[in-house]
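Below, each chain spelled out in residue letters.
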Amino acid sequence: MAKRILLCDDEIHILRAAEFKLKRAGYDVQIAGDGQEAWEAIEVLKPDMLITDCQMPRLDGLGLVQRVRQNPDTADLPVLMLTAKGFELSHDDLARKWNVIAVISKPFSPRELLRSVDEILSEEDCTAKAAGGLDA
Amino acid sequence: MSGSKSTDLLAVGALVLCSAWVIAWAGGLVVDSGWWPLRLGLLGAGLALAGPAAALLLHRLKRNRRAAEQHFEALCRLDPRDLSGDGTSDDVRPLPADNPWCGIAGRVRQTLLEHCRRQQELEHKRAALEVRCHRATTQSGQITSIFSELAEPILAVDDYGEVVLANRMAAELFDFDPENAGSRALAQITECQKLVNLLSAASHRKTSGERVDEIEIGDGEGNSRWYRVTATRLAAAEEETDPAEPSPGGAVAVLHDIGNQKELQKRNAEFVSAVSHEMKTPLAGIKAYVELLVDGDAEDEETQEEFLDVINGQADRLQRLVDNMLNLARMEAGVVGVNKQNRPLNEILEEAVHVVQPAAEAKQIKLAAELSPMYLGVLADRDMLLQSAINLLSNAIKYTPDGGCVTLRSRLADNQVRFEVQDTGVGLSEEDCQRVFEKFYRVKKDKNMASGTGLGLPLAKHIVEDVHGGRLSAKSVPGKGSTFIITLPSAGQLT
């Protein structure tokens, strides 16, 4: 079954470009226009990965990640942040505090985004298999 | 020999002879009694000589004594203020040399004159010191006034960290009474430990020089401001005699308010961050779609065209952003030439309506112009005022849903020319009504309704208010619509 990815960005063209690339790679891609919409979608869709922008209306990227980590059902959801804020955000802080697995700066390369997504989800697969093997 | 001395000698001589003859006659040394008429005659002659001589001597004695008395009395009355420049006095002349008192009188006179001269000098010095003291007191008062009224807070502490001096601004900043600040430790007056440490470090420096730091100081009510604090060591009195062994003498701190500077720095940083974000967004779109095309992800022509349109649109967006930023920057810097002339406002507004008409028609928005039939003259730069009208109309059209209404009105009101753009769009909250004129500010919930740089309204505001002396304001009801109002001085009022 195709992995489900939730894309969250208030810029429609960014969403469209990332969605196009990931869908062509075989992923099930859902989109949201802001953090609040993304949070409601996470509760319903149960995605395998979240890719989110940082600056968004209603609920920004950091607020969204905070909610995801504080909810036991979603605490382990892999998160990749796509942001134009660049050096204003400390990647180490994001990784340490909020377990953001990767940060990609805008302007971004859809190729690089796809590569990062592939790596993260295949690692998750390995981790899940290893945990399943131990349980067995 | 002087004449008076010769006279004295003759008189004395006559007295001595007469006395000798009297004594000899009385003693019977002349034994021949037959010479008694001669003896009587000689006695008479001697007495005749001795009498006047004695009278003369007596007179002279009295005269000298009187002169001496007068001299001493004059000396007693001598006032140091009456001395002449060479330390003498015309009221006390020396006794004549033939006066037997002249020697001692002269010494007394000299001594007294010397004392009087010294007294006079002391009096002069006292007067000079009094003048200097008065000047110093006046100067001290002026310095105290100036120090007290200096715009920057200044305070000094001793080597124990106790406040020894503070001006009014320092007292207001730290909320204490400068009259009663003495013997209070600085750490008791303020909670700003950084300031206390800075002064302590400056006070204990072994060399002269200052320490500078930027410190945020609170007022105890939740407000704080940034100050650049310059702390300088105060030299102790002992250093003047032994500079090799500097001892702590305290420190003085001058606090320069840099709150506005910090605010400006913060706003500049925010502006750069906003510009960076605004420029990266269309660039991200361009890069992403170019890469999709390069990688062959757009397999069909329709998708390719779609991607190319997006790239084109984002490039246009970037260009508008750069143009608006440059225009705004140049206008704010005063680089753009302003050509103000008396112009009919309605003509400019009609042209603005003509420019935005296609955009209104594309959204089926009813665009109406209800302009005053009166001549409304304004002293304006045509291109700039046209731009601001276009920006307002364009904004109204963007944030009005399809099928809505945008109305442009103009009229004369209270000797001012007024025009307004009213729409039936999404409306603004009260906060957004204020913030919508900030650079790059875009109402978050409406961002996706239309593209924009967030510079159109700030540009219009600058043109109306800074260039033309007018006013631009907004009122709105969320969900119902907004009205942007521009007022300008009437050209009739200005001429």
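Residues numbered from 1 in each chain as written. Chains lettered and ligands numbered in written order. Predicted model: local features only at pLDDT ≥ 70, side-chain atom pairs only at ≥ 80, totals over all residues.

**Remarks on the overall build of chain A**
When you go through chain A residue by residue, the secondary structure sums to five helices and five strands. Reading the helices (α) and strands (β) of chain A from amino to carboxyl end gives β-α-β-α-β-α-β-α-β-α. Expressed as a percentage of its 136 residues, the buried residues of chain A come to 38%. In chain A, 59% of the contacts between residues at least 6 apart in sequence involve partners at least 24 apart. (Helix = DSSP H or I, 4+ residues; strand = E, 2+ residues; numbered from the N terminus. Buried ≥ 20, exposed ≤ 12 C-beta atoms within 10 Å, placed from the backbone. Contact = placed C-beta atoms within 7 Å.)

**A word on the sheet that holds strand β3 (residues 49-53) of chain A**
All names here are of chain A. Within the open sheet, the five strands sit side by side as β2-β1-β3-β4-β5. Their pairing is parallel. Each edge of the open sheet is held by one strand with a lone partner, namely β2 (28-32) and β5 (102-105). Between one strand axis and the next, the sheet turns by 20° as a mean value, whatever way the strands run. Bridging between strand β1 (residues 4-8) and β3 involves four bridges; their strand directions are parallel. Looking at β3, one finds that Leu6 is bridged to Leu50. (Pairing = 2+ DSSP bridges. Axes fitted to C-alpha atoms, helices over the stretch in contact; angles between N-to-C directions.)

**Looking at the nonpolar core**
A general tendency of soluble globular proteins is for nonpolar side chains to be buried together. By size, the foremost hydrophobic cluster in this structure holds 41 residues, and its most contacted members are Ile5, Leu6, Cys8, Leu50 and Ile51 of chain A together with Tyr289 of chain B. Val356, Ile365, Ala380 and Met384 of chain B belong to the second-largest nonpolar core, a separate cluster that totals 40 residues. (Core = buried A, V, L, I, M, F, W, Y, C linked by C-beta atoms within 7 Å.)

**What about the interface of chain A and chain B?**
Taken together, the contact between chain A and chain B spans 22 residues of the former and 20 residues of the latter. Of all the secondary structure elements, the ones that give two or more residues to the side of chain A that touches chain B are α1 (12-24) and α5 (110-135) of chain A. Per element, the largest residue contribution to the side of chain A that touches chain B is seven residues, and it comes from α1 of chain A.

**Some remarks on the packing of helix α2 (residues 35-45) of chain A against helix α3 (residues 61-70) of chain A**
Each pair of packed helices gets described by two things: the angle between the helix axes and the distance between those axes. Residue and element names in this part refer to chain A. Where α2 contacts α3, the two axes come as close as 9 Å, and the packing angle between them is 25°. Judged on the interaxial angle alone, α3 and α2 are roughly parallel. The interaxial crossing formed by α2 with α3 has right-handed handedness. In this structure, α2 uses Gly35, Ala38, Trp39 and Ile42 to contact α3, whose residues at the interface are Gly61, Gly63, Leu64, Arg67 and Val68. (Parallel < 35°, antiparallel > 145°, perpendicular 65-115°, else oblique. Left-handed = near helix turned anticlockwise from the far one by under 90°.)

**As for α3 of chain A**
Residue and element names in this part refer to chain A. The complete set of buried residues in α3 reads Gly61, Leu62, Leu64, Val65 and Val68. The buried residues of α3 occupy one face: seen down the axis, they fall within an arc of 160°. Where α3 is buried, its residues touch β1, α2, β3, β4 (79-83) and α4 (91-98). (Arc of directions from axis to C-beta.)

**Thoughts on the pairing of strand β4 (residues 224-233) of chain B**
Side-chain positions along a regular strand alternate between the two faces of the sheet. Residues and elements named next belong to chain B. When strand β3 (residues 210-218) meets β4, the two strands line up antiparallel, connected through nine bridges. Looking at the pairing, Arg211 lines up with Ala231 of β4. Where β4 and strand β5 (residues 251-257) come together, seven bridges link them in antiparallel fashion. Counterpart to Arg228 in the pairing with β5 is His256.

**Comments concerning the packing of helix α7 (residues 259-294) of chain B against helix α8 (residues 301-333) of chain B**
Residue and element names in this part refer to chain B. In the contact formed by α7 and α8, the axes pass within 9 Å of each other and the chain directions differ by 160°. With respect to each other, α7 and α8 are oriented roughly antiparallel. In the packing of α7 onto α8, the handedness of the crossing is left-handed. Contacts between α7 and α8 pair Val275, Glu278, Met279, Pro282, Leu283, Gly285, Ile286, Tyr289, Val290, Leu292 and Leu293 from the former with Gln304, Phe307, Val310, Ile311, Gln314, Ala315, Arg317, Leu318, Leu321 and Met325 from the latter. Partitioned by chemical class, the residues of the contact of α7 with α8 number 16 nonpolar, three polar and two charged. (Nonpolar A, V, L, I, M, F, W, Y, C, P; charged D, E, K, R; others polar.)

**Describing the sheet that holds strand β1 (residues 154-157) of chain B**
In a beta sheet, neighbouring strands pair by backbone hydrogen bonds and run either parallel or antiparallel. Residues and elements named next belong to chain B. Ordered by their spatial adjacency, five strands build an open sheet running β2-β1-β5-β4-β3, and the pairing between neighbours is antiparallel. With one partner strand each, in any of the chains shown, β2 (163-166) and β3 form the two edges of the open sheet. When the angles between neighbouring strand axes are averaged without regard to direction, this sheet yields 25°.

**Points about the confidence of the model for chain B**
Within chain B, residue pLDDT values average 84, and 86% of them lie at 70 or more. Under the prediction, the complex receives an ipTM of 0.90, its pTM being 0.58. (pLDDT = per-residue confidence, 0-100.)

**Describing unusual backbone geometry**
In this structure, the amide linkage connecting Lys106 of chain A to the following residue, Pro107 of chain A, adopts the cis form with an omega of -5°. Residue position: Pro107 of chain A is located in the loop between β5 and α5. Of note in the backbone geometry, Lys46 of chain A takes a positive phi value of approximately 50° without being a glycine. Residue position: Lys46 of chain A is located in the loop between α2 and β3. Under the C-beta neighbour-count criterion, Lys46 of chain A is labelled exposed, with 12 such atoms within 10 Å. The backbone of Asn415 of chain B shows a phi angle near 60°, a positive value even though the residue is not glycine. Looking at where Asn415 of chain B falls in the secondary structure, it is placed in the loop between β9 (405-413) and β10 (416-423).

**Brief notes about the environment of Ser109 of chain A**
Within the secondary structure, Ser109 of chain A is located in the loop between β5 and α5. Between the alpha carbons of Ser109 of chain A and Ala18 of chain A there is a distance of 9.1 Å; along the sequence they are 91 residues apart.

**Observations concerning the environment of Lys21 of chain A**
One can find Lys21 of chain A in helix α1. Judged by the 22 C-beta atoms lying within 10 Å of it, Lys21 of chain A falls in the buried class. Considering only alpha carbons, one finds Lys21 of chain A and Leu114 of chain A, 93 residues apart in sequence, at a separation of 7.2 Å. Dropping the residues within four chain positions of it, Lys21 of chain A is found in contact with Pro110, Leu113 and Leu114 of chain A together with Leu292 and Asp297 of chain B.

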